[in-house]
Amino acid sequence: LPDGGSKTDGEDEPTLHARLKRKAEPYDAYREELPPPSLTPPSAKIKDTFGALFFTRMLYSALVDADYLDTEAFMRSDSAAKRGGGSSVEELCGRLNSETEKYLNPTEPVSELYRRRTALLRNCLDASQSGKGLFTLTAPTGSGKTIASLAFALQHAAKHSMRRVIFVVPYNTIIEQNSKVFEDILGAENVLRHHSNANYDGDENENDAKRFAAENWDYPVIVTSSVQFFESLFAAKPGKCRKLHNIAESVIIFDEAQMIPQPYLLPCVRAIRELAEVYGATAVLATATQSSLDRYFAPLSPQEITENPGELYEFLRRVTLVRIDEPLTGSELTGRLRGHKQVLCIVNTRRQAQRIFAGLAENTESGGTFHLSTTMYPEHRTRVLAKIRCLLRNGKPCRVVSTSMVEAGVDLDFPTVFREEAGLDSIVQAAGRCNREGGRPPDESFVYIFKSADHNPPRAMAAAIGAFEQTARRYADLSSLDAVAAFFEQLFYNKGDGALDAEEILKKIERSGKSFSFPFREIADSVKIIDDDSVSLYVLRDAPELETRFRKGERTRELFRAAGGEAYII
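Since this is a predicted model, take the numbers as computed values, not measurements.

J.: How should the overall build of the chain be read in this particular structure?
T.: Counting its regular elements, the chain contains 24 helices and 15 strands. Rg of the C-alpha trace for the chain: 25 Å, near the compact-globule value of 25 Å for 570 residues, within the 12% margin. In the chain, 76% of the contacts between residues at least 6 apart in sequence involve partners at least 24 apart. When the accessible surface of the chain is split by element, carbon and sulfur atoms take 50% of a total near 27500 Å².

Structure follows, in C-alpha cells:
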C-alpha cells in the first residue's frame, strides 16, 4: 500500500497518484473471463477518515491473501490440504467444558480461594452469552483469569458463530506460558503461537499447517504478541497485512491490557474500537491493573465481566506494600537482600540489575543467587526459572535480581519482594510475585518500594513515577482499585494526549481525509512498538552441521530457516 501523495506527483514518485498516471497494459480481457464482482463497501459504517483507511487496509488484506492462496494452489497441489486445520469452535468448547467441569462441580470439599476462582469462571461463562462488543475483565493475580478468559472467548465465539479466538500478550514469556495451558486443554494442534521466537519453517509435516496459518491466521486459537498484533493493524506490506481480514469476527483477549504501548495508545485504542464497531469482533481488556480508557473508547462503553472486582481484590489481598523513605545505595540494598533467605528484587534497568546481582553474589551462598533479564535466550531463561521454582518450593536460599520482565505472568512465589519505584501498575504486578499462592498472611508478606541513591530512573519512566508519587499522597491503600484508576488518570493527564500518540498517527490520517490520499507507508514506518535497531543472534543447540556452514560464510534463506528450527533467536 503506497502513500496517496498528491495530484502533482510525477510518474516516478512512489505514490498512488503517481501510479495512476502510468500507462498500464490492456486489461479489458477480464470482462470475458470473470463477471465483475458485486462489491458494496459498508459506507453506512464508515463514519470518518480512520474508518475509510481501515476499510481500505481490510480490503487489501482480503485481496492479497486471496492472491497468495490462488497462486499457492496453482503452484503446489498439496498445500490446500495443509491449510486451515484445527477443530471447530464448538469442538473446542467441548474440550474446555471437560476441563472446567471439575472446577464447577467439585467432588471434594474445596477452599474459599477455590470458590472465588470458580465464581470468576462462572462470571465469564455468564458474560459470554452477552452481545458482541467491548468488555473488561478486572481480576487480581491468582484469580484464575487465564482459563476464565479462555472460557469466555470460546463460549462467546460459539454463541455468535465467530471464527476464532486471538490472545494478544505483551511478553513472549507469557505467550509460552499461556500457550502451554491452552495446548494442555485444547490440544497443541489447535493453538498457534505467533511471535518473534515461534518458528514453523522446519521440514516436519506436523508443522506445515501452523507454518501456513502463521501467514494469515487461519486457525482456531492464536496466541500472539502485542508487537505482532498492533504493528500488523497499521502495516502496509502484504506479508503483514494478509492476516487482517481474519481478525474480523474474532474474540480478541488483550492480556495485561494495561501494557498497550503508551506512545501509540490512542491509535491502538481507535483500532480496537473499529474492530468492535464495524468488523464484528469482541474485545476483552483483561488485567489486574485496569487502565482508565473509557473516554478513549467512547462511544463504546466497556462492560465489566467480574461481578464484584473490589470484593475479589480484598479477598485475594496477599501482601503489604511498604515505602522505604530514604533512597538506598547499591550496598545498602544488597545488605537488605542478604537479610532474607528468599527474596526477589526488581529494578528498572538491565545494567542496574547486573550490578546489584554482582554485589549480591559476593559472599552469598553459591547456587542460590540468580539474575534474570530479557537478554537471556529462551532456553537459558527457562532453565533458570525452573531452578528458582525448585529452590522456592523446597525452602532453600534463593535471591533473584531481575528487570521488570518477571512482573507480568511469570509464575514465581516469593515471601518478600523489593521493587524500585516505578508506575503503580508495575508495582502491583511485582506484588503478584509475592505470596502468590496465599500460603502466608498478608502482614507477613512484604513488598518494599524503594528509590535508588545511585541511579536515576530512565527518562521514559518519569511520568509514571510522578503519577505514582502523586497517587501515593492521596491513597493509603495503593493496591486498591480506586488507587489504580487514579494512577492511570493522573498518568494520562501528566503525559497529555500528545504523548499517547507520539507519532501523530491520528493527525496524519485526519489530514488525509479530504483527498483520501492516505499515508499508508508513512504510518507503517512510524508504528514501531519496539524500536528495533537490534541484530538477530542465533544460539545454536547441538547443530554442528549448521554451525560449520555458518562459519564457512554461507548465507542462504534455506540455511537461516534451518537454523530457526535448531536455534533460539534473540
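J.: Just to check I follow, could you spell out the pairing of strand 13 (residues 446–450) for this structure?
T.: In summary, the side chains of a regular strand alternate between the two faces of the sheet. Of all five residues that make up strand 13, four are buried, and the element is covered over most of its length. The pairing of strand 8 (residues 320–323) with strand 13 spans four bridges and is parallel. The residue of strand 13 that forms the bridge with Thr320 is Phe446. Examined bridge by bridge, strand 12 (residues 416–420) and strand 13 share five bridges and lie parallel to one another. Across the sheet, residue Glu420 finds its bridge partner in strand 13, namely Phe450. Taking the sense of rotation as the criterion, the β-α-β connection linking strand 12, helix 18 (residues 424–431) and strand 13 turns out right-handed.

J.: What's the story with the sheet that holds strand 6 (residues 282–287) in this structure? I'm lost.
T.: Working definition: the strands of a sheet are paired by backbone hydrogen bonds and lie parallel or antiparallel to each other. The seven strands lie next to each other as 3-4-2-5-6-1-7, forming an open sheet whose pairing is parallel. One side of each edge strand has no neighbouring strand; the edge strands of this open sheet are strand 3 (191–194) and strand 7 (303–304). With four bridges joining them, strand 3 and strand 4 (residues 221–225) adopt parallel strand pairing. Following the sheet pairing, Val191 is matched in strand 4 by Val221.

J.: Even after reading the chapter, I still don't get the pattern of salt bridges, so can you show me in this structure?
T.: Pairs can form between side chains of opposite charge once their charged atoms are near each other. Within the structure shown, the criterion is met by 28 salt bridges. Linking Lys132 and Glu249 is a salt bridge whose minimum nitrogen-to-oxygen distance equals 2.7 Å. Linking Lys132 in the loop between helix 6 (112–127) and strand 1 (134–138) with Glu249 in the loop between helix 11 (238–241) and strand 5 (250–255), this pair joins segments that are 117 residues apart in sequence. Lys132 sits in the partly exposed class, given a relative accessible area of 36%. Take Glu249: its relative accessible area is 29%, and that puts it in the partly exposed class.

J.: Please clarify how the packing of aromatic side chains should be interpreted in this entry.
T.: Taken as a whole, this structure holds 17 aromatic pairs when the rule is applied. Centre to centre, the rings of Phe135 and Phe152 are 5.2 Å apart; their planes meet at 65°, and the pair counts as edge-to-face. Placement of Phe135 in strand 1 and of Phe152 in helix 7 (residues 145–159) is noted, with a sequence separation of 17 residues between them. For Phe135, a relative accessible area of 1% corresponds to the buried category. The class for Phe152 is buried, based on a relative accessible area of 1%. The rings of Trp217, Phe229, Phe230 and Phe254 are connected pair by pair, giving a single aromatic cluster. The ring of Tyr68 has Arg242 sitting right over it, with the charged end atom 4.4 Å from the ring centre. The cationic tip of Lys243 hangs over the ring face of Trp217; the distance from NZ or CZ to the ring centre is 5.4 Å.

J.: Just checking my understanding: could you explain the nonpolar core for this structure?
T.: A general tendency of soluble globular proteins is for nonpolar side chains to be buried together. The biggest cluster of nonpolar side chains holds 71 residues, and the ones touching the most others in it are Phe229, Phe230, Leu233, Ile247, Ile252, Phe254 and Leu275. Ignoring anything within four residues of it in the chain, the contact list for Leu275 reads Phe54, Met58, Phe229, Leu233, Ile247, Ile252, Gly280 and Ala281. In terms of nonpolar packing, the next biggest core, distinct from the first, is built from 39 residues, Cys93, Met162, Val221 and Leu316 among them.

J.: Which parts of the structure should I look at to understand the packing of helix 7 against helix 8 (residues 172–186)?
T.: A pair of packed helices is captured by two measures, namely the crossing angle of their axes and the spacing between those axes. Closest axis-to-axis distance for the helix 7/helix 8 pair is 11 Å, and the angle between their directions is 60°. Judged on the interaxial angle alone, helix 8 and helix 7 are oblique. With respect to the hand of their crossing, helix 7 and helix 8 are arranged in right-handed fashion. The segment helix 7 lies against helix 8, with Thr146, Ile147, Leu150 and Leu154 engaging Asn178, Val181, Phe182, Ile185 and Leu186. Looking at the contact of helix 7 with helix 8 residue by residue, the class counts come to seven nonpolar, two polar and no charged.

J.: Would you mind showing me how to read helix 16 (residues 350–361) here?
T.: Helical geometry note: an α-helix holds 3.6 residues per turn, so side chains three or four residues apart project in the same direction. If you check helix 16, its first and last C-alpha atoms are 16 Å apart, about what twelve residues at 1.5 Å a residue would give, namely 16 Å. Taken together, the buried positions of helix 16 are occupied by Gln352, Ala353, Ile356 and Leu360. For helix 16, the arc enclosing every buried residue in end-on projection is 100°, short of the 170-degree limit, so these residues lie on one face. Where helix 16 is buried, its residues contact helix 15 (330–338), strand 10 (369–372), strand 11 (398–402) and strand 12.

J.: Is there a simple way to think about helix 7 in this case?
T.: For helix 7, built from 15 residues, the straight-helix expectation of 21 Å at 1.5 Å per residue is met to within 8% by its first-to-last C-alpha distance of 21 Å. Taken as a whole, helix 7 has its buried residues at Lys145, Ala148, Ser149, Leu150, Ala151, Phe152, Ala153, Leu154, Gln155, His156 and Ala157. Two residues or fewer past helix 7, Ser161 is found with a positive phi of approximately 55°.

J.: In this structure, what is going on with the sheet that holds strand 12? I would like to understand it.
T.: Here six strands make up an open sheet; going across it, the order is 8-13-12-9-11-10 and the pairing parallel. What marks the edges here is a single partner per strand, and that holds for strand 8 and strand 10. Pairs of neighbouring strands in the sheet enclose a mean axial angle of 15°, with direction left out of account. The strands touched by helix 17 (residues 378–393) are strand 9 (342–346), strand 10 and strand 11; relative to strand 10, the strand with the most contacts, the crossing angle is about 140°. Each of strand 8, strand 9, strand 12 and strand 13 is contacted by helix 18, which is oriented at about 165° to strand 12, the strand it contacts most.

J.: What exactly am I supposed to notice about unusual backbone geometry here?
T.: Peptide bonds are trans in most cases, and residues, glycine excluded, mostly fall at negative phi. Put simply, Ala298 and Pro299 share a cis peptide bond, and its omega is 10°. Unlike most non-glycine residues, Ser161 shows phi in positive territory, near 55°. Inspection of the secondary structure assignment puts Ser161 in the loop between helix 7 and strand 2 (164–169). For Ser161, a relative accessible area of 60% puts it in the exposed group. At Trp217, a position not held by glycine, the phi torsion is positive, near 60°.

J.: Please explain the environment of Gly496 as it appears in this structure.
T.: Its place among the elements puts Gly496 in the loop between helix 20 (481–495) and helix 21 (505–511). Owing to a relative accessible area of 22%, Gly496 belongs among the partly exposed residues under this scheme. Counting along the chain gives 211 residues from Gly496 to Leu285, while the straight-line C-alpha distance between them is 22 Å.

Quick notes on the rules
- Residues numbered from 1 in each chain as written.
- Predicted model: local features only at pLDDT ≥ 70, side-chain atom pairs only at ≥ 80, totals over all residues.
- Heavy atoms only, no water.
- Helix = DSSP H or I, 4+ residues; strand = E, 2+ residues; numbered from the N terminus.
- Rg over C-alpha atoms; globule rule 2.2 N^0.38 Å.
- Contact = heavy atoms within 4.5 Å.
- Areas by Shrake-Rupley, 256 points an atom, 1.4 Å probe, with all protein chains shown as cover.
- Buried < 20%, exposed > 50% of the residue type's maximum accessible area, 1.4 Å probe, protein only.
- Pairing = 2+ DSSP bridges.
- Right-handed = clockwise from strand over helix to strand, strands pointing away.
- Salt bridge = Lys/Arg side-chain N within 4 Å of Asp/Glu carboxyl O.
- Phe/Tyr/Trp six-rings, centres within 6.5 Å; stacked < 30°, edge-to-face > 60°.
- Lys NZ or Arg CZ within 6 Å of the ring centre and 35° of its normal.
- Core = buried A, V, L, I, M, F, W, Y, C linked by side-chain atoms within 4.5 Å.
- Axes fitted to C-alpha atoms, helices over the stretch in contact; angles between N-to-C directions.
- Parallel < 35°, antiparallel > 145°, perpendicular 65-115°, else oblique.
- Left-handed = near helix turned anticlockwise from the far one by under 90°.
- Nonpolar A, V, L, I, M, F, W, Y, C, P; charged D, E, K, R; others polar.
- Expected span 1.5 Å × (residues − 1).
- Arc of directions from axis to C-beta.

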